[in-house]
Amino acid sequence: MIPSLAQEGFVYDLNEVSCMNIDASYYDQSLRYQGTFANHLFFLTGDLLYQDDLATECVAFNAAMFEGLNLKSAYNMDMYELVDAGKWTLATYTELAKMATVDKNGDGTMDNTDYWGFCYEPADILTLNIAANNSLLQKDADDIFILNQTEKQINDLQKIMAFLNSGYAVAANWEDSVFNKNIQFTEICAVMDLATFDDEGLNFGVVPMPKIDETQTNYRSFISTYGSNCITICTSVQGEDLNKVASIIDLLSYESKQSVSPKLNEYIFGAYVLQHAEDVRMLEVAFNNRAYELCYLWSTGGLYSSMISVCEAKGEGLAGVFESCEGAVAASVARKLERLQNLA
């Protein structure tokens, strides 16, 4: 939404708003860089807001199933210990999902009365790809989007599709509320979804998204811009009013960093949603390294929807998806540049 408004001249480039200290720590500097295009900055997030925290993806797990199915025996670690040891990877996730997929009633048919490792929707291919330290687009030296068609990313996407197609996922038409029915071990979800699990009285825990493998240094989380929000200023605000609005945003952001953010996980998530002491720390791990998917954020060349289609087709067409979108991405980027240049 904001990138579209920006191209029509409806929001300010915040680099040019003098009364905002955009370099301050109360604005998320990592997401600031990710959100720019051609060195234009039209939105920020930070301590003033927490919707971006709620829109951060994580993995909820059924604690009762973990214990009841003796999943700890696979690595002699609980879920939190796996994260701390750097061993919470896609391979680990696959093995635990395999162990959790059980023909509970022994009738030889897997259905919604049995145990399953996970459930997914097609967009999870990109959630897991971000978690693997990838992005479908990258930026060149001029801060312009280009395709990120690396061998690593292609290999990682193949691994992700193998995981999603592993046979340990409950059928999609059973997905609604199935995690609450104690038959599904894990759920890839946004932090905001955790409250619904708690409402159902489910015994669950939380861990960050898995790394692609143990060579990856840090855990990384996807922020869904569909459920997030941001700070921006409309160009209808002019003159001294612009200075006032910018100053108020800056002051509120500063105060939020001092008084609200330190208590957010502990008192909002911890007291009202999370059930285990370690879950607050796990969310901090998830929040510590987050990323947007740039092609979704900036609606670039149909690349996002093409990747969703690949997932829906069980990986068919993955090898050629970048090449097939190359022209459309380049044309989309050129149009965005032209619109921004016409506003100057």
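Not measured: the values here are computed from a predicted model.

(A) Quick look at the nonpolar core. Membership of the largest hydrophobic core comes to 73 residues, with the highest contact counts inside it found for Trp88 and Leu164. When near neighbours in sequence (up to four residues on either side) are disregarded, Leu164 contacts Phe118, Tyr120, Ile125, Leu128 and Cys311.

(B) Quick peek at helix 8 (residues 151-164). With 14 residues, helix 8 ought to run about 20 Å at 1.5 Å a step, and its terminal C-alpha atoms sit 20 Å apart, in line with that. Every buried residue of helix 8 is listed here: Gln153, Ile154, Asp156, Leu157, Ile160, Met161, Phe163 and Leu164.

(C) Inspection of the side chain of Ser228 at higher detail. Along the polypeptide, Ser228 turns up in the loop between strand 6 (221-222) and helix 10 (239-259). Contact partners of Ser228, with chain neighbours within four places excluded, come to Gln51, Asp52, Ala55 and Ile223.

(D) Expanded view of unusual backbone geometry. A positive phi angle, close to 65°, is found at Asn39, a residue other than glycine. Position of Asn39 among the secondary structure elements: in the loop between helix 2 (29-34) and helix 3 (51-54). Here Asn39 falls in the exposed class, since its relative accessible area comes to 52%. Even without glycine at this site, Asn70 takes up a positive phi of about 55°. If you trace the backbone, Asn70 turns up in the loop between helix 4 (63-68) and helix 5 (79-84).

(E) Seen up close, helix 14 (residues 303-312). Inspection of helix 14 places Leu303, Tyr304, Met307, Ile308, Val310 and Cys311 among the buried residues, and these make up the whole buried set. Taken around the axis of helix 14, the buried residues stretch over an arc of 155°, which confines them to a single face. Of the surrounding secondary structure, the elements contacted by the buried residues of helix 14 are helix 7 (124-131), strand 2 (137-139), strand 3 (145-147), helix 8, helix 13 (294-297) and helix 15 (321-343). Downstream of helix 14 by a residue or two, Lys314 has a phi angle that is positive, lying close to 60°.

(F) Expanded view of the packing of aromatic side chains. Applying the stated criterion to the full structure yields 16 aromatic pairs. For the pair Phe197 and Phe204, a centre-to-centre distance of 5.8 Å together with 80° between the ring planes defines the contact as edge-to-face. The rings of Trp88, Tyr93, Phe118, Tyr120 and Phe163 are connected pair by pair, giving a single aromatic cluster. The ring of Tyr33 carries the charged tip of Lys139 above its face, separated from the ring centre by 4.5 Å. The lysine or arginine in question, Lys211, covers the ring of Tyr219, its NZ or CZ lying 5.1 Å from the ring centre.

(G) Main features of the environment of Met79. Structurally, the position occupied by Met79 is in helix 5. The residues contacting Met79, other than those within four sequence positions of it, are Phe61, Phe66, Trp88, Leu96, Phe185 and Val207.

(H) Broad picture of the sheet that holds strand 5 (residues 204-207). Spatially, 4-1-5 is the arrangement adopted by the 3 strands of the open sheet, whose pairing is antiparallel. Two strands bound the open sheet, and with one partner strand each, they are strand 4 (186-190) and strand 5. Mean inter-strand twist for the sheet, computed between neighbouring axes without regard to direction, equals 35°. Relative to strand 5, strand 1 (residues 57-62) runs antiparallel, the two being bridged by 4 bridges.

(I) Geometry of the pattern of salt bridges. Under the counting rule described, the total for this entry stands at 9 salt bridges. Note that Arg290 is salt-bridged to Asp52, the shortest N-O span being 2.9 Å. With Arg290 in strand 7 (residues 290-291) and Asp52 in helix 3, the pair connects residues that are 238 residues apart, well separated along the chain. Exposure remark for Arg290: the relative accessible area of 7% places this residue in the buried category. By relative accessible area, Asp52 is classed as buried at 2%.

Procedures and definitions
Residues numbered from 1 in each chain as written. Predicted model: local features only at pLDDT ≥ 70, side-chain atom pairs only at ≥ 80, totals over all residues. Heavy atoms only, no water. Core = buried A, V, L, I, M, F, W, Y, C linked by side-chain atoms within 4.5 Å. Buried < 20%, exposed > 50% of the residue type's maximum accessible area, 1.4 Å probe, protein only. Contact = heavy atoms within 4.5 Å. Helix = DSSP H or I, 4+ residues; strand = E, 2+ residues; numbered from the N terminus. Expected span 1.5 Å × (residues − 1). Arc of directions from axis to C-beta. Phe/Tyr/Trp six-rings, centres within 6.5 Å; stacked < 30°, edge-to-face > 60°. Lys NZ or Arg CZ within 6 Å of the ring centre and 35° of its normal. Pairing = 2+ DSSP bridges. Axes fitted to C-alpha atoms, helices over the stretch in contact; angles between N-to-C directions. Salt bridge = Lys/Arg side-chain N within 4 Å of Asp/Glu carboxyl O.

Scope: geometric values only; no functional claims are made or implied.
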